[in-house]
Amino acid sequence: MSSGVALTVPMPGKPYPTVGLGTFTIFAKTGGADEVCNAVKFAISEGYRHVDCALVYDNEKAVGDGIKAKIDDGTITRNDVYLTTKLWDTHHNPDHVEGALRKSLRSLQTDYVDLFLVHWPFAFKDGDDPFPKDADGNIIFADHDYVDTWKAMEKLVGAGLAKAIGISNFNKKQIERVLEVATIKPANIQIESHPYFLNDRLVTFCKQHGMTATAYAPLANPSRTWKSPDEPIIFDEQVLKDISAAKGKSIAQVVLRFHLQRGLVVIPKSITPARIKENLQLYDFDLSESEMQQIAGLDRNLRFFKEGMAASHKYYGFHDEF
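These remarks concern the structure in this document. Just so we're clear, the structure is a prediction, and the values are computed from it rather than from any experiment. (Residues numbered from 1 in each chain as written. Predicted model: local features only at pLDDT ≥ 70, side-chain atom pairs only at ≥ 80, totals over all residues. Heavy atoms only, no water.)

### Considering the nonpolar core
Grouped together as the largest cluster of nonpolar side chains are 95 residues, with contacts concentrated most on V63, F116, M153, I175, I189 and L240. In this structure, I189 is in contact with I167, S168, F170, I175, L202, C206, M211, T212, A213 and T214, ignoring residues within four places of it in sequence. By size, the runner-up hydrophobic cluster in this structure holds eight residues, among which are M11, Y16, A164 and V265. (Core = buried A, V, L, I, M, F, W, Y, C linked by side-chain atoms within 4.5 Å. Buried < 20%, exposed > 50% of the residue type's maximum accessible area, 1.4 Å probe, protein only. Contact = heavy atoms within 4.5 Å.)

Here it is, written out as structure tokens:
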């Protein structure tokens, strides 16, 4: 039996499972609504109690349908599952934040979410078009300060609509600005982290300020549609093949375990039953300090989720070192 990695970590509201089901299917390119719904149902049947989604993924109804089906068949109650969704860039207007969450709650068929995140620090033009563009095809920005958006997020906790609130894809300076004004501090940050992009300095900073950290794309999302041919794939790495063979575990399991031992929560995305099942089987083995160092040695500071369409926005966070 493994030691040192908890099944959950403390969060406002209720404990946060350290492994969750990710549901970003790249706008249905790697899985449609029915597949997401079935993935959620299968995951819950296999023991998952944490599902991560977002308004912009356009799958909240599918996620909600999956959860409702497992509530209706008696597998779980609503309180048994930890549910996260996210505020999209077009709803940063403080006057629109609550309405955006209420719309998500209707799709998810629940009265509250366990965690509500600001998806990105920058804002796009108010409205329901997630990617509003001008005549030249450029995204139309809005000038809402994420600090004002955060103050609106805080009200959702008092209203009982979100048990915990957090941020995603913010850099250190942006987090510091939020912390300066927050009456409810961010409980969680969700960030890209995988062997090629450990993002360690930001992880350390966030932990020092009492936040849990969740790794999205923990396997570097090899199925991402914008992958270039010269970019590495973790499943080709000899060091991971060797550790996998030594442990009798898959490369995915080794890498996910690596994140857990770094103190991260992981939300690997899959719609494939065998992989969904495998991705939860992480608590019965350990990686040695040497193995951890070998995997960390793959780090190339290689960010894959750059959201380049917003690179000229004044609140774009990835120009800074971290």
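### Describing empty space enclosed by the protein
A full pass over the atoms with the stated rule returns one cavity of 30 Å³ or more. Taken as a whole, the largest cavity spans an internal volume of roughly 80 Å³. Lining the largest cavity are N169, F170, N171, I191, E192, N199, L202, R303, G317, F318, D320 and F322. For the lining of the largest cavity, the residue count by class is five nonpolar, four polar and three charged. (1 Å grid on protein atoms, 1.4 Å probe; cavity = no way out; pocket = protein on both sides within 12 Å on 5 of 7 lines; lining within 4 Å. Points joined across faces, edges and corners; volume = space filled by probe spheres on them. Nonpolar A, V, L, I, M, F, W, Y, C, P; charged D, E, K, R; others polar.)

### Considering the packing of helix α7 (residues 238-247) against helix α8 (residues 251-261)
The interhelical angle for the contact between α7 and α8, taken along N-to-C directions, is 95°, at an axis separation of 9 Å. Relative to α8, α7 is oriented roughly perpendicular. Of α8, the residues touching α7 (which contributes L240, K241, I243 and S244) are I251, V254 and V255. Class assignment of the residues belonging to the contact of α7 with α8 gives a composition of five nonpolar, one polar and one charged. (Axes fitted to C-alpha atoms, helices over the stretch in contact; angles between N-to-C directions. Helix = DSSP H or I, 4+ residues; strand = E, 2+ residues; numbered from the N terminus. Parallel < 35°, antiparallel > 145°, perpendicular 65-115°, else oblique.)

### Describing the packing of aromatic side chains
Counted under the stated rule, the structure contains 15 aromatic pairs. Each ring, one from Y146 and one from Y315, has its centre 5.0 Å from the other, and the planes form 80°; the classification is edge-to-face. Taken together, the residues Y146 in helix α4 (residues 146-158) and Y315 in the segment after α10 (289-296) connect sequence positions 169 residues apart. Here the two residues Y146 and Y315 agree in accessibility, since each one is buried. By way of ring pairs, the aromatic residues W88, W120, F122, F124, F131, F141, Y316 and F318 are connected into one cluster. Of note, R78 hangs over the ring of Y112, and the distance from its end group to the ring centre comes to 4.1 Å. A cation over an aromatic ring shows up here: R303 above the ring of F318, its NZ or CZ 3.5 Å from the ring centre. (Phe/Tyr/Trp six-rings, centres within 6.5 Å; stacked < 30°, edge-to-face > 60°. Lys NZ or Arg CZ within 6 Å of the ring centre and 35° of its normal.)

### Thoughts on the layout of surface pockets
Take a probe with the size of a water molecule and roll it over the atoms, and the empty space left behind shows itself. A volume near 230 Å³ is recorded for the second largest pocket. Contributing to the lining of the second largest pocket are 13 residues, with L55, V56, D58, K103 and D128 lying nearest its centre. Those elements giving two or more residues to the lining of the second largest pocket turn out to be α2 (60-72) and α3 (97-108). Counted by class, the lining of the second largest pocket contains four nonpolar, four polar and five charged residues.

### Looking at the pattern of salt bridges
Inspection of the entire model under this criterion finds 20 salt bridges. As a salt-bridge pair, K172 and E176 come within 3.0 Å of each other at their nearest N and O atoms. Here E176 and K172 lie together in helix α5 (residues 172-181), a separation of four residues that amounts to about one turn. Residue classification places K172 among the partly exposed positions, given a relative accessible area of 26%. Judged by its relative accessible area of 29%, E176 is partly exposed. For E291, the salt bridge goes to K247, with nearest N and O atoms at 3.1 Å. Highlighted residues: E291 in helix α10 and K247 in helix α7, separated in sequence by 44 residues. For E291, a relative accessible area of 12% puts it in the buried group. (Salt bridge = Lys/Arg side-chain N within 4 Å of Asp/Glu carboxyl O.)

So yeah, pure geometry; function would need other evidence.
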